[in-house]
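# Reading the structure
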Amino acid sequence: MENKLHLTMPRKHILVTEIENPVGLKVGMIQLNRPDVLNALNIELMKELVETLESFDMDSEIGCMVITGSQKAFAAGADINEMAEASTVEMIKRDQFATWDRIMKIKKPVIASVSGYALGGGCELAMSCDMIFAAEGAKFGQPEINLGIIPGAGGTQRLTRAIGKVRAMEMIITGKMYSAKEMFDAGLLTAVFADDVYLDETIKVAKEISNKPAIAVQLAKECIMKAYNTTIEDGIQFERRNFYLLFSSEDKIEGMKAFIEKRKPVWKNK
Ligand code: DAK
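Scope of this entry: the structure provided in the associated data block.

The rules behind each value
Residues numbered from 1 in each chain as written. Predicted model: local features only at pLDDT ≥ 70, side-chain atom pairs only at ≥ 80, totals over all residues. Heavy atoms only, no water. Helix = DSSP H or I, 4+ residues; strand = E, 2+ residues; numbered from the N terminus. Rg over C-alpha atoms; globule rule 2.2 N^0.38 Å. Contact = heavy atoms within 4.5 Å. Areas by Shrake-Rupley, 256 points an atom, 1.4 Å probe, with all protein chains shown as cover. Lys, Arg positive; Asp, Glu negative; His and termini not counted. Charge placed at Lys NZ, Arg CZ, Asp CG, Glu CD. Near = heavy atom within 4 Å. Polar contact = N/O pair within 3.5 Å; in protein donor to acceptor, adjacent residues only side chain to side chain. Nonpolar A, V, L, I, M, F, W, Y, C, P; charged D, E, K, R; others polar. Pairing = 2+ DSSP bridges. Axes fitted to C-alpha atoms, helices over the stretch in contact; angles between N-to-C directions.

### What to know about the overall build of the chain
Check the secondary structure of the chain and you find 13 helices and ten strands. Against the compact-globule benchmark of 18 Å for 270 residues, the chain has a radius of gyration of 19 Å, which places it among compact chains. Overall, the C-alpha framework of the chain stretches about 65 × 45 × 40 Å when taken along its three principal axes. Intrachain contacts of the chain at a sequence separation of at least 6 include 68% that bridge at least 24 residues. Accessible surface, the chain: about 14,700 Å² in total, of which carbon and sulfur atoms supply 59%. Computed over 34 positive and 37 negative side-chain charges, the inter-centroid distance for the chain is 5 Å.

This is how it looks when you write it as structure tokens:
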């Protein structure tokens, strides 16, 4: 059965839309929407966000997803008000990581489109996505150190893999903020666009991805994610299996036939 839960589920802290795409699959768009607190990520917001990502992932009409915030803030971090009084035991009982970890299980590409602040958990949420596009004025940082804690949603690991030890060390231990240009030069960002077009440009790429054969896109993502957690030898074996698998898809037959017949392929996503 088609999953369209994202169209009906009640939600308080995010706005959800499906963006039509004349050529291919649609784009699932999630806008973080807690403007009074610069989109601080509270427990409820994270739950809504992850449930919506999962619903888009199950929906065969969606090819790619975009998470964005407002012009002023992608997200200024986890909600400090929710953590201020919490003890270790309380945090363990909450087990918020269980929600965050579900992002890693999403099979379709997820793009972060960042303007304004992407701090702490906000930067970590962007890094949990598959690509990060940013507005020129965006600001990135891991300021947890200034609150007496450290990044808790994968920041020390994902940032270090993305930009290397010495830069991640500076960013996390000083808690400083960095411009989009600095983060692009460091290798964290896919691209940087002017402030007034960053979201349109992100959607353009999301549509481009949604026009590709969905099964091949999914298996390509799976292989790239595997590269994080394995040796090169095992990763290459994993890639080879997925490569062989695609030879039994209808889209492989169509893609190669269309090339030979000098026409555009018509994907069935099977
Ligand atoms: N949490 C709660 N409220 C926040 C917030 C946050 N992270 N960031 C901003 N706000 C609120 C402010 O308190 C203020 O509320 P009112 O005073 O108006 O009621 C409103 O948003 C506007 O903020 P400002 O007045 O401060 O605005 P400015 O433009 O002057 O400054 C700023 C913007 C982004 C520089 C500043 O707001 C700021 O420094 N914010 C805090 C940034 C920060 O430290 N972020 C890291 C938070 S710790 C976990 C997963 C992840 C994490 C933890 C656990 N698990 C899965 C368990 C992550 C931890 C973090 O992210």
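There is more to say, and it comes next.
### Concerning the site of the ligand
Within the structure, the ligand sits among 26 residues, and Ala76, Ala78, Ile80, Phe97 and Gly121 are positioned closest to it. Contact distances for the ligand include 3.0 Å between a nitrogen atom and a backbone N or O atom of Ile80. Contact with the protein chains covers 67% of the free accessible surface of the ligand, which is 1,100 Å². Elements represented by at least two residues in the shell around the ligand include exactly helix H3 (80–83), helix H5 (97–101), strand S6 (117–119) and helix H6 (121–128). When residues of the shell around the ligand are assigned to their parent elements, the largest contribution, three residues, is made by H3. Of the residues belonging to the shell around the ligand, the class tally is 16 nonpolar, five polar and five charged.

### Thoughts on the environment of Asn3
Looking at the secondary structure, you find Asn3 in the segment before helix H1 (5–8). Once the C-alpha coordinates of Asn3 and Ser55 are considered, the two residues, 52 residues apart in sequence, prove to be 6.1 Å apart. Filtering out sequence-adjacent residues up to four positions away, Asn3 remains in contact with Ser55, Met58 and Asp59.

### Overview of the sheet that holds S6
On the basis of which strands lie adjacent, the open sheet formed by four strands has the order S4-S6-S8-S9 and mixed pairing. Each edge of the sheet is formed by a strand with only one pairing partner; in this case those strands are strand S4 (73–75) and strand S9 (177–179). Along the sheet, successive strands turn relative to each other by an average axial angle of 20°, direction set aside. Looking at chain direction, strand S8 (residues 139–141) and S9 are connected through three bridges and run antiparallel. Its bridge partner being in S9, Phe140 is matched across the sheet by Tyr178. Strands in contact with H6 are S4, S6 and S8; relative to S6, the strand with the most contacts, it is inclined by about 90°.

### Here we look at unusual backbone geometry
Its identity is not glycine, yet Leu38 carries a phi of approximately 50°, on the positive side. In this structure, Leu38 sits in the loop between strand S2 (26–32) and helix H2 (43–58). One non-glycine residue, Asp95, lies in positive phi territory at about 45°. Inspection of the secondary structure assignment puts Asp95 in the loop between helix H4 (88–94) and H5.

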